[in-house]
Amino acid sequence: MSDRFGANRNGGQRRGGTNRGKRRGGSGGARTVAIRNTAPVAREPVLLPPVLTVAELADQLEATPIEVIRELMKAGIMANINQQIDYATANRVAVELGWETIEQVPEVVQKATADFESRRTEAASDPNAVTRPPVVTIMGHVDHGKTKLLDAIRASNVAEGEAGGITQHIGAYQVEIQGKKITFLDTPGHEAFTAMRARGAQATDIAILVVAADDGVMPTTREAIAHIQSANVPMIVAINKIDLAAANPDRVMQQLSELNVMPEEWGGDVPVVQVSARERLGLDDLLEMILLVAEVNELKANPYKPASGVVIEARIDRNRGPVATVLVQSGTLNVRDIVVAGESWGRVKAMFDDRGKRLRRAEPSTPVEILGLLEPPQAGDVFQSFETEKEAKDLVEQRVAQRRAEAVVGDRAVKLTELYSQIQSGQTAELRIILKADVMGSLQAIQTSLLKLNDEGASGVMVSIPYAGTGAISESDVALAVATQSIIVGFNVRPDVAGKRAADRDDVDIRFYNIIYNLLDEVKAAMRGLLAPEFKDVTDGYAEVRETFKLPSGDMVAGMYVLDGKLARNSRARVLRSGTVLFEGGVKSLRRFKDDVREVQAGYECGLGLDGFNDLQIGDQIESYHREEIARA
């Protein structure tokens, strides 16, 4: 029987079709309805994107939004007309309304920023590819002279007569030696380096690791090495500050060799150059070594096709509007070209180099500042040039849809609970773990035990450890986990405030343990798909001890300042000192002035007493948390 829209839900014409009832008779007489019997119309499957709104789904299914909402309610989903739903939900509704569907897999956007090896291989196979300048990033410990080295290289390559040197700073610049150019990305620090990789961008061809000759390898140096090695780019070590009396380059090379960074002098494959940024010693040797490494790796690109590359940085200039610094990696970018950068597009109105000189064209490995985008993109976004505005707008729409899909159903981060299902579906055959522990002894024992699981080989999955270190889990650790698709394991350590915020934002799986056997058992169970339901700790907030007071009863209370989230009276608390967990237990008292309170929000001060712990010190952090039961995927 037809419904009120004159259509059979299982295949008849929709509203307005040929089988709509026809009214006969006058306005005052009886009405009869004649219905023509027609064969069900064969429907082609509907192509649906990974994410769409209820209104868009109704339009695709030639139905009303009310019909779609009704079917969603039957499935227990309350949604309005603008609500976004994923493909699985949309497919369920479509089946109920008599349609078959096909999921539209977003076209993979051209990645001019693929990893170093694939970019090199692709360029080598292109008959039109020509040699291009190398793109270099400088990394290392914060006090080891990265910025001074960059400044020294830049200053020594500014042509005489350019009063005041470089007239503007665009986050990247080129120098010339022996008639050959080198591009430096002026974004020192492995956090920026890895944040770009986490967004799918890799602009660096060569990484220079700066180590101070008097200080040697520091924890941040080890982190930088892990980031460089995970990116699989060639490394050059620059031992800086050789002019100091306490300089000991041999000790630095010994420390590096212990971290599997073997200097060429010792039979390895990592070039080491001794420099002094302050005295400008060895700079020419370093630049020549960069050119040599670039020549060995045969860096090439095709300058004869539409430009593509990566956004280095972007901002809004009060006078000029959106301004983006981009690195051209392939093709040639011209003024008046139509470009897409991330989710923004526009026509290039003007281009400037790092000296503020106006350019008409930019070839591969050239950093330029461009004007003309409708809004500033994000650092790490891919940019491409197109023939028409329609192509540009279509790509922007595709990227917006892809981001929406990732926000709703996407999950880039690896989850330990989902590891076995990913192995079964062929998505991964490797479990990568960022390992942090409280002391070096525990770290080495856990690292050795985890790698021994590879010898057992029972599950067919391999364990690798991109980085292992001591101390609190930091934002840098989370960035590396995202870039390398790793989980983070903390042994007797917790994340700091920035690390926790980054992990929540990027949905990175962090696991905490205080017994090695439990850690190993859970990893093995995950590899075999045997993980049982678990409880997880949900952090409510962080606070810092600003003052301590001893009560006549002998108990200690602390004057606290809530840094993030909230402190709750009925929550549990961890005492963190330099990232290490000293105590876990209940909250005995929580006061604001003289009043007992249930919770204190971020930005306020309060008094806190812990149940069974009287060793609080100024500078300690309190993590307030509660436990929730979750089911394994």
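In what follows, the accompanying structure is described. Owing to the predicted nature of the structure, the values given are computational and were not obtained by experimental measurement.

**Here we look at the overall build of the chain**
- On a plain count of helices and strands, the chain comes out with 15 helices and 35 strands.
- Put simply, the chain has 633 residues, and 48% of those count as buried.
- Of all intrachain contacts in the chain linking residues separated by at least 6 positions in sequence, the fraction that spans at least 24 positions is 72%.
- Just so you have it, the chain exposes about 31200 Å², and 48% of that area is on carbon and sulfur atoms.

**Here's the deal with the sheet that holds strand S11 (residues 206–212)**
- Strand order in the open sheet made by the 6 strands is S9-S10-S8-S11-S12-S13, with mixed pairing throughout. The open sheet terminates on both sides in strands that have one partner only, identified here as strand S9 (172–177) and strand S13 (272–274). The mean angle between the axes of side-by-side strands here comes to 30°, regardless of whether they run parallel or antiparallel.
- The sheet contact formed by strand S12 (residues 235–240) and S13 spans 3 bridges and is parallel. Paired with Ala238 across the bridge in S13 is Val273.
- Of the strands in this sheet, strand S8 (135–140), S11 and S12 are in contact with helix H7 (residues 219–231), which crosses S11 at around 170°.
- Of the strands in this sheet, S11, S12 and S13 are in contact with helix H8 (residues 249–257), which crosses S12 at around 145°.

**What to know about helix H13 (residues 475–484)**
- Counting buried positions along H13 yields 9 of 10 residues, so the element is predominantly enclosed.
- Buried residues of H13: Ser476, Asp477, Val478, Ala479, Leu480, Ala481, Val482, Ala483 and Thr484, and no others.
- Positive phi shows up at Gln485, right after H13, with a value of about 55°.

**Some words on the nonpolar core**
- The biggest cluster of nonpolar side chains holds 28 residues, and the ones touching the most others in it are Leu149, Phe184, Ile208, Leu286 and Ile290.
- Of all the secondary structure elements, the ones that give two or more residues to this core are S8, helix H5 (146–156), S9, strand S10 (180–185), S11, S12 and helix H9 (283–296).
- Sorting elements by how many residues they give to this core places H9 first, with 8 residues.
- Contact partners of Leu286, with chain neighbours within four places excluded, come to Leu149, Ile153, Ile208, Ile236, Ala238, Val273 and Val275.

**Focus: the pattern of salt bridges**
- The tally for this structure, following the rule as stated, stands at 27 salt bridges.
- In this structure, the salt-bridge partner of Glu279 is Arg278, at a minimum N-O distance of 3.9 Å.
- On the basis of relative accessible area, Arg278 is assigned to the exposed category, the value being 58%.
- If you follow the salt bridges from partner to partner, you end up with Arg494, Asp537, Arg574, Glu584, Glu623 and Arg627 in one network.

**Some words on a negative patch on the surface**
- On the surface, Asp250, Glu264, Glu265 and Asp269 cluster together into a negatively charged patch.
- Tracing the backbone shows Asp269 in the loop between H8 and S13.
- The exposure class assigned to Asp269 is exposed, which follows from its relative accessible area of 63%.

**Considerations on the pairing of strand S16 (residues 321–330)**
- Judged by how many residues are buried, S16 sits mostly within the fold: 10 of 10 residues are covered.
- As judged from the 9 bridges shared by strand S15 (residues 308–317) and S16, these two strands associate in the antiparallel manner. Bridging from a neighbouring strand, Ser308 pairs with Ser330 of S16.
- Adjacent in sequence and paired antiparallel, S15 and S16 are bridged by 3 residues.

**Observations concerning the side chain of Asn240**
- Tracing the backbone shows Asn240 in strand S12.
- In contact with Asn240, not counting residues within four places along its chain, are His144, Gly145, Val210, Val211, Ala212, Ala213, Val275, Ser276 and Ala277.

**Remarks on the environment of Phe491**
- When you line up the elements, Phe491 lands in strand S26 (residues 487–491).
- Residue Phe491 is classed as buried on the basis of its relative accessible area, which comes to 5%.
- Along the primary structure Phe491 and Leu435 are separated by 56 residues, whereas in three dimensions their C-alpha atoms are 8.0 Å apart.
- What Phe491 contacts, discounting residues up to four positions off in sequence, is Lys436, Ala437, Asp438, Ser442, Ile446, Tyr513, Asn514, Ile515, Ile516 and Leu519.

**Some thoughts on the sheet that holds strand S24 (residues 430–437)**
- Spatially, S25-S24-S26-S27 is the arrangement adopted by the 4 strands of the open sheet, whose pairing is parallel. In the strand order of this sheet, the two ends are held by strand S25 (462–470) and strand S27 (510–513), each with one partner. Mean inter-strand twist for the sheet, computed between neighbouring axes without regard to direction, equals 25°.
- Relative to S25, S24 is paired through 7 bridges, and the arrangement is parallel. The partner of Arg432 across the bridge, within S25, is Ser464.
- Those strands touched by H13 are S24, S25 and S26, and its axis lies near 175° from that of S24.

**Remarks on unusual backbone geometry**
- Unlike most non-glycine residues, Arg280 shows phi in positive territory, near 55°.
- Tracing the backbone shows Arg280 in the loop between S13 and H9.
- Phi at Phe593 takes a positive value of approximately 60°, unusual for a residue other than glycine.
- Secondary-structure assignment places Phe593 in the loop between strand S31 (580–592) and strand S32 (595–596).

**Details of the packing of aromatic side chains**
- Under the defined criterion, the tally for this structure stands at 2 aromatic pairs.
- Taken together, a centroid distance of 5.6 Å and an interplanar angle of 25° make the contact between Tyr173 and Phe184 stacked. Remark: Phe184 occurs in strand S10 and Tyr173 occurs in strand S9; sequence separation between them is 11 residues.
- In this structure, Arg494 packs its charged tip against the face of Phe512, placed 3.6 Å from the ring centre.

**Quick notes on the environment of Ser308**
- Note on placement: Ser308 falls in strand S15.
- Accessibility expressed as a relative area gives 1% for Ser308, which makes it buried.

**A few points about the environment of His227**
- Here His227 shows up in helix H7.
- Taking the C-alpha atoms as reference points, His227 and Ala483, separated by 256 residues in sequence, lie 9.0 Å from one another.

**Comments concerning the side chain of Asp540**
- Note on placement: Asp540 falls in strand S28 (residues 534–550).
- One buried charge, Asp540, has no salt-bridge partner; the nearest side chain with opposite charge is Lys566, at 5.6 Å.
- A distance of 3.0 Å separates the side chain of Asp540 from the side chain of Ser571, its partner in a polar contact.
- Residues in contact with Asp540, not counting those within four places in the same chain, are Asp564, Gly565, Lys566, Ser571, Ser624, Tyr625 and His626.

The rules behind the values
- Residues numbered from 1 in each chain as written.
- Predicted model: local features only at pLDDT ≥ 70, side-chain atom pairs only at ≥ 80, totals over all residues.
- Heavy atoms only, no water.
- Helix = DSSP H or I, 4+ residues; strand = E, 2+ residues; numbered from the N terminus.
- Buried < 20%, exposed > 50% of the residue type's maximum accessible area, 1.4 Å probe, protein only.
- Contact = heavy atoms within 4.5 Å.
- Areas by Shrake-Rupley, 256 points an atom, 1.4 Å probe, with all protein chains shown as cover.
- Pairing = 2+ DSSP bridges.
- Axes fitted to C-alpha atoms, helices over the stretch in contact; angles between N-to-C directions.
- Core = buried A, V, L, I, M, F, W, Y, C linked by side-chain atoms within 4.5 Å.
- Salt bridge = Lys/Arg side-chain N within 4 Å of Asp/Glu carboxyl O.
- Patch = residues over 30% accessible without salt bridge, like charges linked within 9 Å, V, L, I, M, F, W, Y side chains within 5 Å.
- Lys, Arg positive; Asp, Glu negative; His and termini not counted.
- Charge placed at Lys NZ, Arg CZ, Asp CG, Glu CD.
- Phe/Tyr/Trp six-rings, centres within 6.5 Å; stacked < 30°, edge-to-face > 60°.
- Lys NZ or Arg CZ within 6 Å of the ring centre and 35° of its normal.
- Polar contact = N/O pair within 3.5 Å; in protein donor to acceptor, adjacent residues only side chain to side chain.

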